[in-house]
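Breakdown of the fold
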Amino acid sequence: YPGCGAHGVEFAALAALLCERLLPRRLQVVLPQCPSGESWFELDVTKYLYAVTMGEAAKARVVRATPNGVPEMRCRQRQFLQTLRR
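Below is a short write-up of the structure. (Residues numbered from 1 in each chain as written. Predicted model: local features only at pLDDT ≥ 70, side-chain atom pairs only at ≥ 80, totals over all residues. Heavy atoms only, no water.)

It is worth spelling out the packing of helix α2 (residues 45–54) against helix α3 (residues 56–64) at this point. Contact pair α2 / α3: the axes reach a minimum separation of 6 Å and the direction vectors enclose 155°. As judged from the angle between their axes, α2 and α3 are roughly antiparallel. On the side of α2, the interface is formed by K47, Y48, A51, V52 and M54, while α3 contributes A58, K59, V62 and V63. In terms of residue class, the contact of α2 with α3 is made up of seven nonpolar, no polar and two charged. (Axes fitted to C-alpha atoms, helices over the stretch in contact; angles between N-to-C directions. Helix = DSSP H or I, 4+ residues; strand = E, 2+ residues; numbered from the N terminus. Parallel < 35°, antiparallel > 145°, perpendicular 65-115°, else oblique. Contact = heavy atoms within 4.5 Å. Nonpolar A, V, L, I, M, F, W, Y, C, P; charged D, E, K, R; others polar.)

Below is the structure:
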């Protein structure tokens with residue numbers, strides 16, 4: 001996933017380079033854009049930064065937690081891939 005606020009098109013040049021130079025066989029790269037146009041799921045940076053100040057155990061809990069929106073994103077990505085395979 002491109003990242004917070006990034007668009008898939010920003011990675012088109014990287015995809016082209018991978019296809020051209022690093023991967024000898026034919027490859028199709030798909031860079032789906034999230035529905036909202038901003039991010040696939042929420043990343044709470046403030047919660048992470050606070051956890052860092054609270055110690056390793058707190059930081060580990062935040063890092064291992066599933067962010068809001070991830071289950072929905074996984075479902076949408078699964079549907080998207082199934083559509084591509086048809």
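Burial analysis of α2 places just one of its 10 residues in the buried class, which makes it a mostly uncovered element. Near the N-terminus of α2, the side chain that reaches the backbone nitrogen of T46, with its oxygen 3.3 Å away, is that of D44. (Buried < 20%, exposed > 50% of the residue type's maximum accessible area, 1.4 Å probe, protein only. Polar contact = N/O pair within 3.5 Å; in protein donor to acceptor, adjacent residues only side chain to side chain.)

Another aspect to go through is a nonpolar patch on the surface. On the surface, a nonpolar cluster with roughly 550 Å² of combined accessible area is contributed by L43, V45, Y48, L49, V52 and V63. Looking at the nonpolar patch element by element, the count peaks at four residues for α2. Looking at where V63 falls in the secondary structure, it is placed in helix α3. (Patch = residues over 30% accessible without salt bridge, like charges linked within 9 Å, V, L, I, M, F, W, Y side chains within 5 Å. Areas by Shrake-Rupley, 256 points an atom, 1.4 Å probe, with all protein chains shown as cover. Salt bridge = Lys/Arg side-chain N within 4 Å of Asp/Glu carboxyl O.)

What follows deals with the layout of surface pockets. Each pocket or cavity is described by its volume, and for the largest pocket that value is around 350 Å³. For the largest pocket, the full set of lining residues is E42, L43, D44, V45, K47, Y48, V62, V63, A65, T66, P67 and N68. Of all the secondary structure elements, the ones that give two or more residues to the lining of the largest pocket are α2 and α3. If one sorts the elements of the lining of the largest pocket by residue count, α2 sits on top with three residues. Partitioning the lining of the largest pocket into residue classes produces seven nonpolar, two polar and three charged. (1 Å grid on protein atoms, 1.4 Å probe; cavity = no way out; pocket = protein on both sides within 12 Å on 5 of 7 lines; lining within 4 Å. Points joined across faces, edges and corners; volume = space filled by probe spheres on them.)

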